[in-house]
Amino acid sequence: MSRLDEHALTGHDDRWRDDMAAAAEFGAGGLRYGVSWPRVCPAPGVYDWSELDVRLEYATAELGLTVIADLVHYGTPTWLDGAFADPRYPAAIAAFASAFAARYRGVVDHLTPLNEPLTTASFCGLRGVWPPALTGWTGWTRVTVSIVEGIRQTIAGVRAANPDAVIVHVEAASMYSSSSSSPSSLAEHTALLAGIGHLPTDLLLGRVDAGHPLFPWLLANGASPDDLDRFLVDVPVIDVLGVNYYPDLTPRVIEEVDGQIRQVTENRWAEGLEYALRTAHDRYGLPMAVTETSIEGDESTRRRWAEDSIAAVRRLRAEGLDIRGYTWWPLLDFVDWSFASGGRNVEEFMLDPGSGATPTAEVYADVTQGVTPFLRRMGLLHVTETVDGELLRSETEASTAYRKETSA
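Residues numbered from 1 in each chain as written. Predicted model: local features only at pLDDT ≥ 70, side-chain atom pairs only at ≥ 80, totals over all residues. Heavy atoms only, no water.

### Remarks on the packing of helix H6 (residues 117-126) against helix H7 (residues 136-161)
Move 1: Contact geometry for H6 and H7: axes closest at 8 Å, N-to-C directions at 135 degrees. Relative to H7, H6 is oriented oblique. For the crossing formed where H6 meets H7, the hand is right-handed. Contacts between H6 and H7 involve Pro117, Leu118, Thr120, Ala121, Ser122, Cys124, Gly125 and Leu126 on the former and, on the latter, Gly136, Trp137, Gly139, Trp140, Val143, Thr144, Ile147 and Ile151.
Move 2: Of the residues in the contact of H6 with H7, the class split is ten nonpolar, six polar and no charged. (Axes fitted to C-alpha atoms, helices over the stretch in contact; angles between N-to-C directions. Helix = DSSP H or I, 4+ residues; strand = E, 2+ residues; numbered from the N terminus. Parallel < 35°, antiparallel > 145°, perpendicular 65-115°, else oblique. Left-handed = near helix turned anticlockwise from the far one by under 90°. Contact = heavy atoms within 4.5 Å. Nonpolar A, V, L, I, M, F, W, Y, C, P; charged D, E, K, R; others polar.)

### Considerations on the environment of Phe100
Move 1: Structurally, Phe100 is set in helix H5 (residues 89-103).
Move 2: Residue classification places Phe100 among the buried positions, given a relative accessible area of 0%.
Move 3: Spatially, the C-alpha atom of Phe100 lies 19 Å from that of Val240, the residues being 140 residues apart in sequence.
Move 4: Here Phe100 is in contact with Val35, Trp49, Leu52, Leu56, Ala69, Leu71, Val108 and Leu111, once residues within four sequence places are set aside. (Buried < 20%, exposed > 50% of the residue type's maximum accessible area, 1.4 Å probe, protein only.)

### Structural notes on helix H8 (residues 184-196)
Move 1: Relative to the 18 Å expected for 13 residues at 1.5 Å per residue, H8 spans 18 Å between its end C-alpha atoms, a close match to the ideal helical length.
Move 2: Among the residues of H8, those classed as buried are Leu186, Thr190, Leu192, Leu193 and Ile196. The buried residues of H8 occupy an angular sector of 160 degrees when projected down its axis, which confines them to one face. Pointing more than 90 degrees away from the buried face of H8 are the exposed residues Ser184 and Glu188. (Expected span 1.5 Å × (residues − 1). Arc of directions from axis to C-beta.)

Note that all results are geometric; they support no functional claim without further evidence.
So, in structure tokens, the structure goes:
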């Protein structure tokens, strides 16, 4: 399996000043930024902050950006043999988080303990794609329980090191439906997936007691009563709930074909974004932010999504929903996850056949346009590779629309 380091593969390590300056020039007030625990912490208790010191100082002091630091964006250090299922994981991430919070107090006060518990548990615990490569719902449960405990300890450590910290808990929106003519078993599976979509956050916020509909399911899939009881006490406070939504990827239709259940994407455009934000608001009643959204497609498609998604957020704010921010992710075109698997589709869903693509295919930028394989066109900035390997940036219609909206 190849190493997947977006900062290296997109040329950000060489162009980070330009990239951060572009975000500021587009009118962004903040920047979600992966601070790479594996890079900073090559061994337990050993930290090399030199790279982050320079980058975070530039982003905050020189550009005036508010940085939301992603402490864990999918990866763990290689010395943590069991990855997210390693018994040392919760204490290890809490130690890193505490050290980060203390060092950058007053510089970076907004922190995300772990990006998308749902996605992490799917890749690492359910489908065996990433370490520790567990499979099945018992694997999912094991990873999720460990992740939730890690977030709990992270928040405690961060608040002890920096009482002014703002905790931004970021989760992927989930949206499932099935045909009204589907058999009852498929409808039940769809309902289960919908419930699981809330489960990591419900656990974190101490909502999974014996009366929770998925409490017996968790026990049946390996969660211990002691773990579930522990999550009911010393419940952490999160300040902002981050919602990640992609119009062409988040909504899924559950189908059964030849005895196999599959998820097929269904583009619900801005109506889906509004649904995701209303659902989060109604369930948790917390201040929110759109922490990731974008769309793959031609220039016009991405420009229209920037315009329509921002308009949807403004409508909801006018109705009284407390939405604090909007993040287009990614700033740059990015290298797809399948790069690390040699091109194998590692997603849990199939692309909508109506998109014109083969349902099981990954969609990459056209290599005839001067780009490296596995590069996905979703950024505010295009990344183009020259013949000598230099990765250049150029603006898009989406970046023009974003700049217009920030100045409105």
